Structures are given as structure tokens and as C-alpha cells.
Amino acid sequence: MAQIVVVLIAMGLASPARAHDIYSHLLDSWGNSCCSEQDCRPAPYRITPTGVQMLVDGEWVEVPGYTIQYRSLLGDAGQTGGGHWCGRAYQRVDNSVFHVTQCAVLPPSTAALPSPPDRSDR
């Protein structure tokens, strides 16, 4: 009986790592890993006139265009329509939080959507 309990506990501990495996092969535009075994997750997304936003920790985060990859991920459960966000949350001195996107994944069908205007000339 004790062996069964140990096996069940071991299986429970292995599950989060397997769930994160869908992100392990992702690389950013510089060839760096998108994640550190904890900072990637499914995330709803929306296309706005100014670009792409993803819902991360209850906040709509602007996603820089250079971080977006248009692809399907093997193992995606589909709860966000194919949206996935990899990045870090940082706490400011005033205790507010800001998010930095390392990589964002959107379904291939969104690549055909019009690009927002280039804001680099403002």
C-alpha cells in the first residue's frame, strides 16, 4: 500500500513538468529559450488597433511584435484559442507589477490579420 502512495505522489509531482513541456522547444528571435520551466502559460489574446494584448495575471499586457510566433503548439489544450505567453512579472517599488514578454504564441490564422501602424516614427 505504501508503494502505491509513493507512486501516486511521484506521478503528481511529475505532472507540472510534463505540462510545461509544450514550451521547452520555444526559442526567441535571438535563439534563447522562451521559458525557465515556470514562466510560460496559456493566455487569452486580443487584437487591438495598436497591436496584440494578452491577459496575464488578470491584466491586459501589450505584446511587442518581435516576440510573437505564429504557430500551433503540440499539447495545447485549447482553452485560450491558441494563445500562450512567456515572460516575467516584476514588482516595482510602489508594489505595482509590470510584465515583460519574452515570447508570445498566437495561432497561425492570426498572422493574416492587419498589422498595427508603425509607431517608431512618433
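This structure is a prediction, so every number in the text was calculated from the model and none was measured. Each residue is numbered by its place in its chain's sequence as written, counting from 1. Local features in a predicted model are, by the rule used here, given only for residues with pLDDT of at least 70; side-chain atom pairs are given and counted only at 80 or more, and totals for whole chains, interfaces and linings are based on all residues. The side-chain quantities take in all heavy atoms of the structure and omit both hydrogens and water.

(A) Spatial organisation of the state of the cysteines. The disulfide criterion used throughout: a pair of cysteine sulfur atoms within 2.5 Å. Summed over all chains, the structure comprises two disulfides. C34 shares a disulfide with C103; S-S distance 1.8 Å. Classification of the bridge connecting C34 and C103 rests on its S-S torsion, roughly -75 degrees, and on that basis the disulfide is left-handed. In this pair, C34 is assigned in the loop between helix 1 (2-20) and strand 1 (40-42) and C103 in strand 7 (residues 97-106), connecting sequence segments 69 residues apart. Across the pair, C103 and C34 agree in class, each one buried. Residue pairing for C40: its cysteine sulfur links by disulfide to C86, the two sulfurs lying 2.1 Å apart. Its S-S torsion of about 115 degrees marks the bond between C40 and C86 as right-handed, since a negative value means left-handed. A residue pair is termed long-range when its members are at least 10 positions apart, and C40 in strand 1 and C86 in strand 6 (residues 84-91) qualify at 46 residues. Residue C86 is classed as buried on the basis of its relative accessible area, which comes to 0%. Regarding the disulfides, the chain carries the connectivity 1-4, 2-3 under sequence-order numbering of its bonded cysteines. The closest cysteine sulfur to the non-disulfide-bonded C35 is located on C40, 4.0 Å from its own sulfur. Secondary structure follows DSSP: runs of H or I at least 4 residues long count as helices, runs of E at least 2 residues long count as strands, and numbering of each begins at the N terminus. We call a residue buried when its accessible area falls under 20% of the maximum for its residue type, exposed when it is over 50%, and partly exposed in between, using a 1.4 Å probe and counting protein chains only.

(B) Representation of the pairing of strand 6. Strand pairing is assigned whenever DSSP identifies at least 2 bridges connecting the two strands. Summarising the sheet, strand 1 and strand 6 pair through three bridges and their orientation is antiparallel. Within the sheet, the bridge partner assigned to R41 lies in strand 6 and is W85. Across eight bridges, the pairing between strand 6 and strand 7 is antiparallel. Residue pairing across strands places G87 opposite T101, the latter belonging to strand 7. The hairpin formed by strand 6 and strand 7 contains five residues between the paired strands, and N95 there has a positive phi angle of roughly 75 degrees.

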